[in-house]
Amino acid sequence: MLDFTLRLWSFYHLTLFALGLSCFFFQEIYLSQGIEVKVNDKDDKLCLYANLMVNFSVEYETKDNKNVTAEFTIPDAFTSSGSSCDTKTSTLKINFGDGHSWSVNFSLSNKTYQADSITFSYNLSDSTIFHDPLSNDTVTVNTQPHISDVVMDTCYSCKSKEIFTTDAVSQTLWNVLIQAFVVNGSKSENITSCSADIPVTPTTVAPTTVTPTTHTTAAPVTNVTTLPPTTPTPTPPPAIPPTGRYSIKPDENSTEACLLADFGLRIGLKQGEKYEEMNLDTNGTKVSGFCGVNNSELVLEFATVTMVFSFINESQRFRLHALNVTGKMSSGVAFSEVNTNLSLWETALGSSYMCNKKQNDTITNQLSLFTFDLRVQPFGVKKGVFSTAQECSGDDTSILIPIIVGAALAGLILVVVIAYVIGRRKTYVGYQTL
């Protein structure tokens, strides 16, 4: 009887362990699938499909004047009310928690579609996420994703992480599979991949055929000329990139810009022991972004590289505080680099920042940014032109004026001292003669 009881007890524990293990694997599989949303049209046919993962990081101020960061994701319990489909536009909207929502607006042009904007609203009064906040408002931030030129009747796929930073909010999007305009109610199996997911094709070297060498006996050589070793020619740096002139307007009806940026751009990428630099050509560049009171954004889509410049206004001074760069180098190497804690191009609000000399800024351990003939103003643009420029230290020649004046005065003093010493010596010799 005791032996039977022990066996039964062991079987019970093994069963619990197996159930727990199966639940763990089921949970991992479920989480890897992300959030799946299916939207039907008025005829009850599938018109929009999405499966993705997104995380949020929100910095907020507490009642005791501390800055705290809340990190959270979209839970299993959510609704897609507010999502819609049309022939030219569609909207994916996800509602979750106590008054939070996340939505993406898409538009269709000819045979391709794109994501125009991402809108994220979060309710600071949700005590399950935000603890003792100073404000209980619902805050809304907008940003523009890098989803464009998606071929009709294909799904946009991007497994790589893409980070959007606006105000005090950082959104991380990955494992994305979206078809914003489903044809005939059936999700397509064809894929349009993001540039960060496209694998790099390795360069293959053709095999070398070795021809057998016939050895012959030669006469002894009496005169031997030793040639100096050849030094490999270093790779010259790229030419100075062309200067692009970019501007953002508040809306389609505005005639004057609210953000101005002029610069030539070059990026440097380090991959292991290899380092590569590439100029960014201004021809055919797509320009987008937005202007705000405390945040502005400039998005530049070059032929193979997309750059997102995020500016912030704090204490009546603006700066570039985030840069997101994705794409492929000339060699075909794909990359995705982001830094959300920069302090570049800083100057007083109401001025523009200018630096004509070449600047080299380290963005990440792998990415460097080179700028030429730089001038930017993301806030306070009046009549569509740059305000008075605050020059970088390398351009500011005003510091040379006191240096030159000081050097001249020092030289003059030195001449006076020498003349005085010579005069004293002559006078002393005269006294001795008398």
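The paragraphs below set out a description of the structure included in this document. (Residues numbered from 1 in each chain as written. Predicted model: local features only at pLDDT ≥ 70, side-chain atom pairs only at ≥ 80, totals over all residues. Heavy atoms only, no water.)

1. Brief notes about the packing of aromatic side chains
Right, so step 1: Going through the model one piece at a time under the given rule, you end up with 15 aromatic pairs.
Right, so step 2: Both rings, one in F72 and one in F130, keep their centres 5.9 Å apart while their planes meet at 85°; by these two values the pair is edge-to-face. Here F72, found in strand 3 (residues 67-73), pairs with F130, found in the loop between strand 8 (112-123) and strand 9 (138-143); they are 58 residues apart in sequence, far enough to count as distant. F130 carries the same exposure label as F72, and that label is buried.
Right, so step 3: Ring geometry for Y113 and F181: centres 5.5 Å apart, planes at 65°, overall edge-to-face. Residue Y113 is located in strand 8, and its partner F181 is located in the loop between strand 13 (169-179) and strand 14 (191-193); the two are separated by 68 residues in the primary sequence.
Right, so step 4: Counting every residue linked through ring pairs, the aromatic cluster contains F56, Y60, F72, F96, F120, Y122 and F130.
Right, so step 5: The ring centre of W174 lies 5.2 Å from the NZ or CZ of K161, which sits over that ring.
Right, so step 6: The cationic tip of K187 hangs over the ring face of Y49; the distance from NZ or CZ to the ring centre is 5.1 Å. (Phe/Tyr/Trp six-rings, centres within 6.5 Å; stacked < 30°, edge-to-face > 60°. Helix = DSSP H or I, 4+ residues; strand = E, 2+ residues; numbered from the N terminus. Buried < 20%, exposed > 50% of the residue type's maximum accessible area, 1.4 Å probe, protein only. Lys NZ or Arg CZ within 6 Å of the ring centre and 35° of its normal.)

2. Some remarks on the pattern of salt bridges
Right, so step 1: Tallying each qualifying case throughout the model produces six salt bridges.
Right, so step 2: The residue R266 makes a salt bridge to E277 at a minimum N-O spacing of 3.7 Å. One end of the pair, R266, is in strand 16 (residues 259-271); the other, E277, is in strand 17 (residues 274-279), and 11 residues separate them in sequence.
Right, so step 3: Note that E346 and R317 form a salt bridge whose closest N and O atoms lie 3.1 Å from each other. Note that E346 is positioned in strand 23 (residues 344-348) and R317 in strand 21 (residues 317-328), a separation of 29 residues in sequence.
Right, so step 4: Residue classification places R317 among the partly exposed residues on the basis of a relative accessible area of 37%. (Salt bridge = Lys/Arg side-chain N within 4 Å of Asp/Glu carboxyl O.)

3. A look at the state of the cysteines
Right, so step 1: All told, the structure shown has four disulfides when counted by the stated rule.
Right, so step 2: Bridging C158 to C194, the disulfide has an S-S length of 2.2 Å. Looking along the S-S bond of the C158-C194 disulfide, the torsion reads about 75°, which is the right-handed sense. Here C158, found in strand 11 (residues 155-158), pairs with C194, found in the loop between strand 14 and strand 15 (244-248); they are 36 residues apart in sequence, far enough to count as distant. Here the two residues C158 and C194 agree in accessibility, since each one is buried. (Disulfide = S-S within 2.5 Å.)

4. A word on the side chain of E301
Right, so step 1: Inspection of the secondary structure puts E301 in strand 19 (residues 295-301).
Right, so step 2: There is no salt bridge for the buried E301, and the closest opposite charge comes from K286, which lies 5.2 Å off by N-O distance.
Right, so step 3: Polar side-chain contacts of E301 include one of 3.3 Å to the side chain of S148.
Right, so step 4: Once residues lying within four places of it in the same chain are set aside, the contact partners of E301 are S148, G284, T285, K286 and T306. (Lys, Arg positive; Asp, Glu negative; His and termini not counted. Polar contact = N/O pair within 3.5 Å; in protein donor to acceptor, adjacent residues only side chain to side chain. Contact = heavy atoms within 4.5 Å.)

5. What to know about the pairing of strand 11
Right, so step 1: Of the two faces of strand 11, the one holding C155 and S157 and the one holding Y156 and C158 are both buried throughout.
Right, so step 2: Sheet analysis places strand 11 next to strand 14, joined by three bridges and oriented parallel. The residue of strand 14 that forms the bridge with S157 is S193.
Right, so step 3: Sheet topology note: the strand 11/strand 13 ladder contains three bridges and is antiparallel. Its bridge partner being in strand 13, Y156 is matched across the sheet by I178. (Pairing = 2+ DSSP bridges.)

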